[in-house]
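# Observations on chain architecture
Residue-level listing of the chains:
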Amino acid sequence: MRETLEKTEAMVKHLAAVNRILEKHQYDEAKLIPILQEVQAEYNFLSRDVISYVATSLGLPPARVFGVATFYAHFSLEPKGKYVFRLCDGTACHVKGSIPILEALRKRLGLDAKTPTTPDMMFTIETVSCLGACGLAPVMVVNDDVYGQITPAKAVEVIEEIVAKEKNAKTE
Amino acid sequence: MNSTEKVNLHDIAADYDAKAAKTERRVTICAGTGCVANGSLKVKDKLAAALRERNLDVVLELNHHDDVPQGSTYISKSGCQGFCQMGPLLRIEPDGILYTKVNVADVEEIVESTLVGHKVIDRLLYVDPASGKSCKGDHEIPFYARQTRVVLANCVIEPSSVEEYIAKGGYTAAEKAYTTMTEKEICDCVLASGLRGRGGGGFPTGRKWQFTLQSPGPKKYVICNGDEGDPGAFMDRSVMEGNPHAVIEGMMIAARAIGADEGYVYVRAEYPLAVERVRSATRDAEAKGLLGDNLFGSGLSFRLHVMEGAGAFVCGEETALIASIEGKRGMPMPKPPFPAKSGLWGKPTVINNVETLASVPYILREGADKYRSVGTPKSPGTKTFALTGHVVNTGLIEVPFGATLREIVYNIGGGVTNNKGKVTGEDFKSVQIGGPSGGCLTPAMLDMPMDFDSLKEVGAMVGSGGLVVMNNETCMVSVARFFMQFTQNESCGKCVPCREGTKQMLALLDDIIEGRADRHTLELLERTAKAVRVGSLCGLGKTAPNPVLSTLKYFREEYEAHVYKKRCPTGQCKSLAMPEILAAKCKGCTACARKCPVGAISGAPKQPHVIDADKCVKCGVCKSVCRFDAVVGV
């Protein structure tokens with residue numbers, strides 16, 4: 001009994017942010033996309049539980065919300081790492097050699113197209129179709145920092161810097 | 001501001017000008033995405049600190065200063081100034097200086113030598129590689145001097161200052177539209193200007209507005225399509241970042257023309273800075289009474305919402321974009337009914353591209369004739385292009401319609417570079433225009449005028465305006481595959497010919513690139529392309545085969561080399577690569593033999609080397625280490 005109660009309390013706590021976001025948008029189903037964007041910003045990804053909860057709260061079939069969540073590239077149903085590397089593979093970046101950079105990043109972290117995130121939840125490697133910074137091609141964005149005119153070696157250096165920083169933070 | 005009180009543009013402009021007159025100098029630092037990535041905001045902070053250290057007066061936000069010190073230095077940001085490759089850019093007025101590639105370490109010297117000592121620092125000036133001359137200001141730099149800037153003209157103002165936009169004549173066109181013009185007069189004026197939609201289709205904007213005006217109903221909407229998904233294009237991003245009020249004013253005019261009282265700006269989520277700037281510009285306009293109720297005392301209202309996209313290329317299609325605003329999957333609907341009759345929430349809706357809307361205030365302010373005075377009769381006005389790829393000067397440019405490709409690539413772009421970044425004068429292979437819906441232009445088309453109709457004739461399109469220059473080392477089959485992969489990923493799945501056809505086309509292109517193609521492959525590829533084109537509902541599917549068809553038309557011999565000779569002429573396709581050392585160029589330096597990971601290269605020092613084809617793994621290391629360009633075919 002007590003265990004169930006604790007679990008429920010934890011769940012209520014966990015969903016408090018969703019309630020706040022739903023409230024802000026007045027439970028308006030037309031605002032589904034902004035609601036999911038804000039929920040994802042809060043939890044880093046959209047879990048199945050959260051999607052069902054949003055659907056029920058808005059009075060929509062969960063399938064409808066799943067449909068939207070899976071349609072748009074920005075919604076992730078899997079959790080992402082602490083550092084998300086988004087490598088631009090737009091036309092300009094592509095002709096200036098974005099693929100060798102992608103290969104170098106994946107090789108360094110032991111990732112591939114099917115496993116984009118490292119097991120320690122530290123790094124996620126993704127490609128995006130265009131970041132609109134084509135003048136600086138090839139371009140890579142790490143969380144919010146933009147790196148222009150990068151090379152495979154420079155990209156790997158960014159990983160090494162983060163690894164070193166995280167190591168220091170742990171020992172301190 | 002009280003909504004019944006009428007906004008007085010003249011007073012705001014006069015107040016701004018009086019404040020600006022007190023400052024002695026203005027330093028403008030480019031804060032477009034490109035320059036910010038290169039550290040321009042750090043330069044700005046450092047500059048302010050360095051001036052303050054010397055007890056010099058600094059003004060950072062002119063509009064929020066009630067008491068601007070006489071003789072102070074105004075440090076402002078600007079939107080993207082276009083010359084991204086040379087960033088961060090720093091302008092000093094009234095001296096007329098443009099410094100390029102400025103970093104934090106240069107700030108002290110700029111303050112000492114230029115701001116205090118009135119001397120120009122030569123090493124920070126742009127050097128024209130053609131003449132070797134240093135250029136003091138933008139009028140001397142060919143990249144700028146050869147452009148005609150209308151939409152981008154205001155991209156040197158402070159984007160977060162509605163006051164400066166007003167001081168530059170902003171919102172007077174909206175005032176005119178709300179106070180002295182009828183709906184019909186506005187539509188007629190835009191129609192007479194010949195303005196055509198910049199999102200790709202080139203449909204006359206005035207006509208679109210007329211149709212929506214004629215649709216009955218008390219509730220109508222205006223949507224600004226800022227979902228610039230075309231890879232290799234960033235014109236709309238730059239306009240939203242650098243001149244957001246022009247977009248808002250354009251939307252207000254569109255709303256007045258069709259009788260709408262509500263609008264949405266739909267901005268692509270990959271553009272966080274554009275989202276932020278449009279949002280804050282909307283708030284500033286509301287605070288000034290430029291958005292809301294009783295605009296300019298007319299009794300009319302207009303409210304604006306900003307919505308961030310969620311990453312779907314197909315949402316650039318208008319019916320898909322509308323579905324996305326309604327909170328649904330962004331899938332296109334059959335037309336008719338057109339949005340002009342039944343759009344957002346089933347109400348008549350005008351949906352225009354960012355650049356189109358940003359051109360509207362100029363047209364109303366200066367008149368249709370002035371607008372028509374540049375460009376060609378059928379494609380009047382100017383067009384912004386994102387010039388990228390293998391070209392010396394990458395960045396954002398604006399030229400009159402009808403400018404030739406030669407002018408853009410060679411005179412503004414400074415010529416084509418090879419993979420080592422050098423201009424040899426012989427490397428131009430192709431320009432891809434219009435992204436995944438467009439086609440390729442060849443050296444034979446260098447003197448063709450760039451306008452809607454000429455481009456259509458050669459199987460390309462203006463599209464949103466991405467121009468990607470490609471050199472001789474680029475494999476055109478790989479380029480076609482790149483776009484096919486893109487449209488295949490982005491196909492929403494509604495129409496089977498698009499969903500499955502793009503997949504099959506991609507598989508056929510992979511066969512060609514990986515050496516599995518036979519004599520039927522090209523014919524099958526063309527047949528599938530035609531099926532996708534006729535069997536798809538929206539622009540994405542209808543134009544998805546274009547990059548393939550266009551490269552097949554102009555670079556067929558390259559496809560044939562892949563299919564019949566199993567060779568990639570550029571050596572880019574790894575499966576078909578067969579590296580070879582040109583004996584005439586090889587100096588026998590042994591660099592390649594030492595670096596080859598499988599020991600496939602042999603030869604005595606100072607003698608031409610050879611590659612053992614059986615051992616070679618086609619990794620390309622030999623080519624990258626060769627200093628004499630002797631290794632080819634990989």
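### What to know about the overall build of chain A
Helices and strands together make up the secondary structure of chain A, namely eight helices and four strands. When the helices and strands of chain A are read in sequence order from the N terminus, they spell out α-α-α-α-α-β-α-α-β-β-β-α. Dimensions of chain A, computed from the C-alpha atoms along their principal axes, are close to 55 × 40 × 25 Å. Each of the 172 residues in chain A was classed as buried or not, and the buried ones make up 36%. Here the analysis covers contacts within chain A between residues at least 6 apart in sequence; of these, 60% occur between residues at least 24 apart.

### Points about helix H18 (residues 476-490) of chain B
In a regular helix each residue adds 1.5 Å, so 15 residues correspond to 21 Å; H18(B) covers 21 Å between its end C-alpha atoms and thus fits that length. Buried residues dominate H18(B), accounting for 13 of its 15 residues.

### Some details on the sheet that holds strand E1 (residues 83-88) of chain A
All names here are of chain A. Reading across from one edge, E2-E1-E3-E4 is the order of the four strands in this open sheet, with mixed pairing throughout. Strand pairing shows two members of the sheet lacking a second neighbour, strand E2 (123-128) and strand E4 (145-147), which therefore form its edges. Neighbour-to-neighbour, the strand axes of the sheet open up by a mean angle of 20°, direction not taken into account. In terms of strand pairing, strand E3 (residues 140-142) meets E4 through three bridges, oriented antiparallel. Among the inter-strand pairings, Val142 is bridged to a residue of E4, identified as Asp145.

### Observations regarding the nonpolar core
In summary, soluble globular proteins display a tendency toward joint burial of nonpolar side chains. Residues and elements named next belong to chain B. Val247 and Ala254 are the most contacted members of the largest nonpolar core, which has 227 residues in total. It is helix H11 (residues 244-258) that contributes the most residues to this core, 10 residues altogether. Excluding anything up to four places from it in sequence, Val247 contacts Cys224, Val239, Met240, Val265, Val278, Val354, Leu357 and Ala358. Ranked by size, the runner-up nonpolar core spans 13 residues in total, among them Cys586, Ala593, Ala630 and Val634.

### Structural notes on the domain arrangement of chain B
Interface size is commonly expressed as the accessible area that is lost once the parts come together. Residue and element names in this part refer to chain B. Domain parsing of chain B yields domain 1 (12-145), domain 2 (162-372), domain 3 (386-469), domain 4 (477-564) and domain 5 (577-632). Computed from C-alpha coordinates alone, the two centres of domain 1 and domain 2 are separated by 32 Å. The interface of domain 1 with domain 2 comprises 10 residues on the first partner and 10 residues on the second. The residue makeup of the side of domain 1 that touches domain 2, split by class, is four nonpolar, five polar and one charged.

### Concerning the pairing of E1(A)
All names here are of chain A. Relative to E2, E1 runs parallel, the two being bridged by six bridges. Paired with Tyr83 across the strands is Phe123, a residue of E2. Bridge analysis of E1 against E3 gives three bridges, and the strand direction is antiparallel. Among the inter-strand pairings, Leu87 is bridged to a residue of E3, identified as Met140.

Here is what the cut-offs are and how they apply
Residues numbered from 1 in each chain as written. Chains lettered and ligands numbered in written order. Predicted model: local features only at pLDDT ≥ 70, side-chain atom pairs only at ≥ 80, totals over all residues. Helix = DSSP H or I, 4+ residues; strand = E, 2+ residues; numbered from the N terminus. Buried ≥ 20, exposed ≤ 12 C-beta atoms within 10 Å, placed from the backbone. Contact = placed C-beta atoms within 7 Å. Expected span 1.5 Å × (residues − 1). Pairing = 2+ DSSP bridges. Axes fitted to C-alpha atoms, helices over the stretch in contact; angles between N-to-C directions. Core = buried A, V, L, I, M, F, W, Y, C linked by C-beta atoms within 7 Å. Domains from an automatic or database assignment. Nonpolar A, V, L, I, M, F, W, Y, C, P; charged D, E, K, R; others polar.

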